[in-house]
Amino acid sequence: MREVYLAENLGFCYGVKRAIQLAEDSVTPQSRSYTLGPIIHNPQMVARLAEEGIGKIETLDEIAQGTVIVRSHGVGPHVYEKIEAKGLNLVDATCPHVRKAQNAARQLSDDGCQVVIVGDKNHPEVRSILEWAGEGAVAVDTEEEAAGLPMYGRLGIVSQTTFSGARFKKIVSVLLDKSSDVRIIRTICTATDLRQSAAVKLAGEVELMIVVGGKNSANTTKLAQLCSEKCKTYHIETAAEVCDEWFATIKKIGITAGASTPDWIIKEVYEKCQKK
Ligand code: SF4
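Residues numbered from 1 in each chain as written. Predicted model: local features only at pLDDT ≥ 70, side-chain atom pairs only at ≥ 80, totals over all residues. Heavy atoms only, no water.

A. Summary view of empty space enclosed by the protein. Counted by the stated rule, this structure contains one cavity of 30 Å³ or more. In this structure, the largest cavity occupies an estimated 50 Å³ of space. Forming the boundary of the largest cavity are Thr 35, Pro 38, Ile 39, Val 46, Leu 49, Ile 54, Gly 55 and Lys 56. Secondary-structure elements contributing two or more residues to the lining of the largest cavity are helix 2 (43-51) and strand 3 (54-57). Split into classes, the residues belonging to the lining of the largest cavity amount to five nonpolar, two polar and one charged. (1 Å grid on protein atoms, 1.4 Å probe; cavity = no way out; pocket = protein on both sides within 12 Å on 5 of 7 lines; lining within 4 Å. Points joined across faces, edges and corners; volume = space filled by probe spheres on them. Helix = DSSP H or I, 4+ residues; strand = E, 2+ residues; numbered from the N terminus. Nonpolar A, V, L, I, M, F, W, Y, C, P; charged D, E, K, R; others polar.)

In structure tokens:
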């Protein structure tokens with residue numbers, strides 16, 4: 001008899017659930033809604049929202065009217081200014097944890113600190129925090145990058161919300177040598193750590209892990225990488241990718257999913273694995 005287990009923490013986090021709910025609530029017969037960038041890194045969810053009347057734009061220049069949904073990653077102040085200047089409706093789905101990091105960066109900057117964000121500078125959330133911190137703020141995501149920074153008078157540190165707690169500590173220990181006046185605001189959200197530790201635990205107990213989520217989702221890809229260090233792992237987007245051959249000699253299967261993977265896709269994968 002085959003056993004299929006779900007990780008204790010998996011799928012949508014609070015911020016993503018909230019953003020999707022706000023997006024769905026924004027649809028009215030009178031006005032079209034558009035997310036600024038994909039609302040989450042999951043093509044199936046983006047397609048489902050499109051069917052509900054929620055489109056996607058990459059820049060505000062693409063529309064002259066309607067409702068703009070700012071996604072959970074947040075945006076910089078100039079985007080709010082442009083939305084207002086164009087007379088567009090705003091639905092702000094910035095995750096409250098991201099908002100906290102944005103506000104912290106702005107506050108540190110106002111207090112005269114050089115702001116350093118520990119996070120991936122190419123991630124939209126970090127780009128938004130950089131903008132709130134104002135000119136001169138920098139982002140680093142390795143100890144080497146941190147070591148390469150100059151000495152500062154006052155230094156203020158915040159983190160990308162999804163950054164690993166362990167790596168944050170290591171990078172902060174390097175940054176502590178960059179100033180004698182350092183303020184640290186640890187703006188890490190627990191959703192990522194909880195999903196990662198639950199996935200690693202389950203991967204250590206089963207023979208095969210299936211990680212469900214967008215191939216373009218950084219947090220899902222990270223889950224797959226962590227699981228693959230423990231057992232054979234497949235990263236799939238939908239139940240259609242589940243293959244018979246995977247199960248030939250396997251008795252115990254584990255399933256996890258990234259913070260941007262909808263419940264209905266996890267359920268389909270679970271049910272398909274049970275039937276194999
Ligand atoms: S991972 Fe955390 S910070 Fe990011 S959207 Fe989800 S709840 Fe918010």
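B. Local environment of the UniProt feature "binding site: (2E)-4-hydroxy-3-methylbut-2-enyl diphosphate" (unreviewed entry) in the protein chain. Per the UniProt record, "binding site: (2E)-4-hydroxy-3-methylbut-2-enyl diphosphate" (unreviewed entry) is found at His 41, His 73, His 123, Thr 161, Ser 217, Asn 219 and Ser 260. Filtering the just-named annotated residues for those lining the largest pocket gives His 41, His 73, His 123, Thr 161, Ser 217, Asn 219 and Ser 260. Of note, His 73 is situated in the loop between strand 4 (67-70) and helix 3 (77-85). In this structure His 123 comes out as buried when scored by relative accessible area, which is 14%. Residues in contact with His 123, not counting those within four places in the same chain, are His 73 and Gln 160. A polar contact is formed between the side chain of His 123 and the backbone nitrogen of Glu 125, at a distance of 3.0 Å. (UniProt positions renumbered as here; feature names shortened; annotations may be inferred. Buried < 20%, exposed > 50% of the residue type's maximum accessible area, 1.4 Å probe, protein only. Contact = heavy atoms within 4.5 Å. Polar contact = N/O pair within 3.5 Å; in protein donor to acceptor, adjacent residues only side chain to side chain.)

C. Representation of the packing of aromatic side chains in the model. A full pass over the atoms with the stated rule returns three aromatic pairs. Between Trp 246 and Phe 247, the aromatic rings sit 6.3 Å apart at their centres with planes inclined by 45°, giving tilted as the arrangement. Under the relative-accessibility criterion, Trp 246 is labelled buried at 13%. Lying over the aromatic face of Trp 264, Arg 48 brings its terminal NZ or CZ to 3.6 Å of the ring centre. (Phe/Tyr/Trp six-rings, centres within 6.5 Å; stacked < 30°, edge-to-face > 60°. Lys NZ or Arg CZ within 6 Å of the ring centre and 35° of its normal.)

D. Expanded view of the site of the ligand. In the vicinity of the ligand, the contacting residues are Cys 13, Gly 15, Cys 95, His 97, Thr 161, Thr 162, Cys 189 and Ala 191. According to the grid-proximity analysis, the pocket containing the ligand is the largest pocket. Taken together, the residues of the shell around the ligand sort by class into four nonpolar, four polar and no charged. (Near = heavy atom within 4 Å. Sits in = over half its atoms within 2 Å of the grid points.)

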